[in-house]
Amino acid sequence: EKEVKYGQITELPRQDDAMKKWRSNRFGQFIHWGLYAIPGGVWKGKTYEYAAEFLKSSAGISTATWDSLQYQFNPIKFNAMAWAKMAKAMGVKYATITTKHHEGFCLWPSEYTDFDIENTPYGKDLLGEFIEAYNAEGIDVSLYYSVLDWHHPDWRYKLNSEEDKEAFERLKIFTKNQLLELLDRYPTVKGLWFDGTWDQCWKDNGQFSYELEKKLKEKHPGLVVNSRMRADEYGSRHFDSNGVLMGDYESGYERRLPNPWDIEVTKNDWECCMTIPENQWGYHKDWTLTHIKTANELIEMLVQCTSQNGNFLLNFGPTGEGDFREEEVKLAKEIGDWMDDNSSAIYNCGYAGLKKQGWGYFTQNNDSETTINMVVFNKPINGKYRVKLNKGSVIKKAYLLSKPDKALDLEEISNGEYFIEAKKVKTKDPFVIIIELENKD
Ligand SMILES: C[C@@H]1N[C@@H](C#Cc2ccccc2)[C@H](O)[C@@H]1O
């Protein structure tokens, strides 16, 4: 073991109310919104297939040209309450919005830069409107903040000279000031979602990120911070040089999930952030370029995350005018319709302590010892679900969540192993079978 002075700050897993609520939320909406939504992946008539929020670099656009987009940003269709109602209907319990992405443009009026919403035709505090509307719908809000800042003159990827180091010291002060400003302006926010921390400049500043996390948490009790914020003094990120998680939950699952049978991942809190296209976080005009995930694909990812003690943060990329594309609206509705009937297998649920089986995923409510959810995605040909529970477990009854009064036929195979018969299930959507165990006491 190495001596690590600037590693984990808070003993994990946190059991305070703020973290228990984060854990219970399970399903969140990610919003990527900035100047990149104006060109939407197209520049001077050419469509760039890479992620739209990286168009500045994909198309080799100068900072001066890119930054002038600020004077076009006027989302006349933005209606924070309508966004919040769509999110509520989709079934999310929290939302994470980009306050500043790598381009450096701030969606709030910051006293530390003019490259912000105040200096646009829109002019108003867009971030404040978003937070107020989502909180009014009972949705917790966390703030995404990119340390990487293409606009700021003091940004340096690597610190190769004394001048680089002096510039980056100014950048660190700017970063700290903006983060304290965000927590001052928006006291109801529940978390900070850091990104853009992969470069050497940040990996060389592990002590700074340690002290910054401490300062932010002292200022904002209960604040939940992702593992991407941190590096330790050896440059190790997410996990310190002894493999101990930093921040409050692991946030390395970007557009990917763990193996469904992985048990190691259940030991920490973690979150998967996911795009609907293969790789577009910001708005892209052309969604024919790649596969667009279906509602059932996204629901299965949400269920898998829940089954392994993880949260699922599904990304939406509003247009430059402030509305969502019709495919996103349709998916939000389809997912919401499923959540209306099945969210009891998601909210406040987690790993059931059982091995993954072929028909789908087990989840278990954190407040119940004897009820287990089976979320089914693969119907067996014979309509009989083989269920392997812990030895000594006895099923008292099993039934469809949708038909709680009709017990399903059971056949005990061996100690803790059963067939549950559910032949008459007609739905083409994922469905839930509830198992009620005999109380062992
Ligand atoms: C949450 C996601 N992280 C950002 C990224 C990235 C990235 C992509 C390729 C190489 C290095 C970094 C995306 O723009 C989005 O904000």
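Please refer to the structure higher up on the page.
Presented here is an overview of the structure given in this document. Sequence order as written defines the numbering, with residues in each chain counted from 1. In keeping with the predicted nature of the model, local features appear solely for residues at pLDDT of at least 70, side-chain atom pairs appear and are counted solely at 80 or more, and the whole-chain, interface and lining totals rest on all residues. Neither water nor hydrogens contribute to the side-chain values; these are computed over all heavy atoms in the structure.

1. Concerning the sheet that holds strand S1 (residues 27-31)
In step 1: Any two strands with at least two DSSP bridges between them are considered paired. Here a helix means four or more residues in a row that DSSP labels H or I, a strand means two or more in a row labelled E, and each is numbered from the N terminus. In space, the eight strands of this open sheet follow the order S7-S6-S5-S4-S1-S10-S9-S8, with parallel pairing throughout. Sheet topology places strand S7 (224-225) and strand S8 (250-254) at the edges, where each strand pairs with a single neighbour.
In step 2: Taken together, the five bridges between strand S9 (residues 270-274) and strand S10 (residues 310-316) define a ladder with parallel strand orientation. Looking at the pairing, Cys 273 lines up with Leu 313 of S10.
In step 3: Any pair of residues with heavy atoms lying within 4.5 Å of one another is described as a contacting pair. Between the N-to-C directions of two axes lies an angle of 0 to 180 degrees, each axis being a line fitted to C-alpha atoms and, for a helix, fitted only over the stretch in contact. Taken strand by strand, helix H4 (residues 80-90) contacts S1 and S10, and its axis lies near 150 degrees from that of S1.
In step 4: Relative to the sheet, helix H6 (residues 162-185) contacts strand S4 (94-100), strand S5 (140-146) and strand S6 (191-195), its axis offset from that of S5 by approximately 165 degrees.

2. Points about the environment of Gly 353
In step 1: Examined against the element boundaries, Gly 353 turns out to sit in the loop between strand S11 (349-350) and strand S12 (360-365).
In step 2: By relative accessible area, Gly 353 is classed as partly exposed at 34%.
In step 3: Taking the C-alpha atoms as reference, Gly 353 lies 14 Å from Gly 392; in sequence the two are 39 residues apart. Burial here depends on accessible area, computed with a 1.4 Å probe over protein chains only, as a share of the maximum for the residue type. Under 20% is buried, over 50% is exposed, and the range in between is partly exposed.

3. Notes on the packing of helix H9 (residues 295-307) against helix H10 (residues 326-342)
In step 1: Two elements in contact, H9 and H10, have axes whose closest approach is 9 Å; the angle formed by their N-to-C orientations is 50 degrees. Considered as vectors, H9 and H10 are oriented oblique to each other. Like other packed secondary-structure pairs, H9 and H10 cross with a definite hand, here right-handed. Residues Ala 295, Leu 298, Ile 299, Leu 302 and Val 303 of H9 form the contact with H10, whose participating residues are Leu 331, Glu 334, Ile 335, Trp 338 and Met 339.
In step 2: Per-class residue counts for the contact of H9 with H10 are nine nonpolar, no polar and one charged. Orientation labels follow simple angle bins: below 35 degrees gives roughly parallel, above 145 gives roughly antiparallel, 65 to 115 gives roughly perpendicular, and whatever is left gives oblique. Put simply, a crossing is left-handed when the front helix is turned counterclockwise from the back one by less than a right angle, and right-handed when it is turned clockwise. Charged means Asp, Glu, Lys or Arg here, nonpolar means Ala, Val, Leu, Ile, Met, Phe, Trp, Tyr, Cys or Pro, and polar covers whatever is left, Gly included.

4. Overview of the environment of Phe 431
In step 1: Relative to the helices and strands, Phe 431 resides in strand S19 (residues 431-437).
In step 2: When the C-alpha positions of Phe 431 and Leu 245 are compared, they lie 35 Å apart, and in sequence the two are 186 residues distant.
In step 3: The contacts of Phe 431, once residues within four sequence positions are left out, are Met 374, Val 375, Val 376, Lys 379, Tyr 385, Leu 400 and Val 425.

5. Notes on the pairing of S1
A regular strand carries its side chains on alternate faces of the sheet.
In step 1: For S1, a buried count of five out of five residues is recorded, marking the element as mostly surrounded by other parts of the structure.
In step 2: By the alternation rule, side chains of S1 split into Phe 27, Gln 29 and Ile 31 and Gly 28 and Phe 30, which are all buried.
In step 3: Where S1 meets S10, five bridges bridge the pair, whose relative direction is parallel. Counted as the bridge partner of Ile 31 is Phe 316 from S10.
In step 4: Here S1 pairs with S4 via four bridges, running parallel. Considered in S4, the bridge of Phe 30 is made with Thr 96.

6. Describing the packing of aromatic side chains
In step 1: For Phe, Tyr and Trp, where Trp contributes only its six-membered ring, two rings pair if their centres lie within 6.5 Å, and the inter-plane angle classes them as stacked under 30 degrees, edge-to-face over 60, or tilted in between. A complete count under the given rule lists 29 aromatic pairs for this structure.
In step 2: An aromatic cluster of at least three residues, connected via ring pairs, comprises Trp 33, Phe 73, Phe 78, Trp 83, Phe 105, Phe 115, Tyr 122, Phe 130, Tyr 134, Phe 316 and Phe 324.
In step 3: Both a distance and an angle decide whether a charge sits over a ring: NZ of Lys or CZ of Arg must be within 6 Å of the ring centre and within 35 degrees of the ring normal. Over the ring of Tyr 48 we find Lys 46; its NZ or CZ atom is 4.1 Å from the centre of that ring.
In step 4: The residue whose ring lies beneath Lys 356 is Tyr 361, and the NZ or CZ to ring-centre distance is 4.4 Å.

7. Focus on the pattern of salt bridges
Where side chains of opposite charge bring their charged atoms close, a pairing between them can arise.
In step 1: By convention in these notes, a salt bridge is any Lys or Arg side-chain nitrogen within 4 Å of a carboxyl oxygen on Asp or Glu. Here the structure, examined in full by the defined rule, presents 29 salt bridges.
In step 2: A salt bridge links Arg 156 to Asp 164, with the nearest nitrogen and oxygen atoms 3.2 Å apart. Here Arg 156 matches Asp 164 in class, with each residue buried.
In step 3: Note that Arg 228 is salt-bridged to Glu 254, the shortest N-O span being 2.7 Å. Of this pair, Arg 228 sits in the loop between S7 and S8 while Glu 254 sits in strand S8, and the two are 26 residues apart along the sequence.
In step 4: When its relative accessible area of 6% is taken as the criterion, Arg 228 is described as buried.
In step 5: Judged by relative accessible area, Glu 254 falls into the partly exposed class, the value being 30%.
In step 6: In this structure, a network of salt bridges that share partners links the residues Arg 14, Asp 16, Glu 213, Lys 217, Arg 230 and Asp 248.

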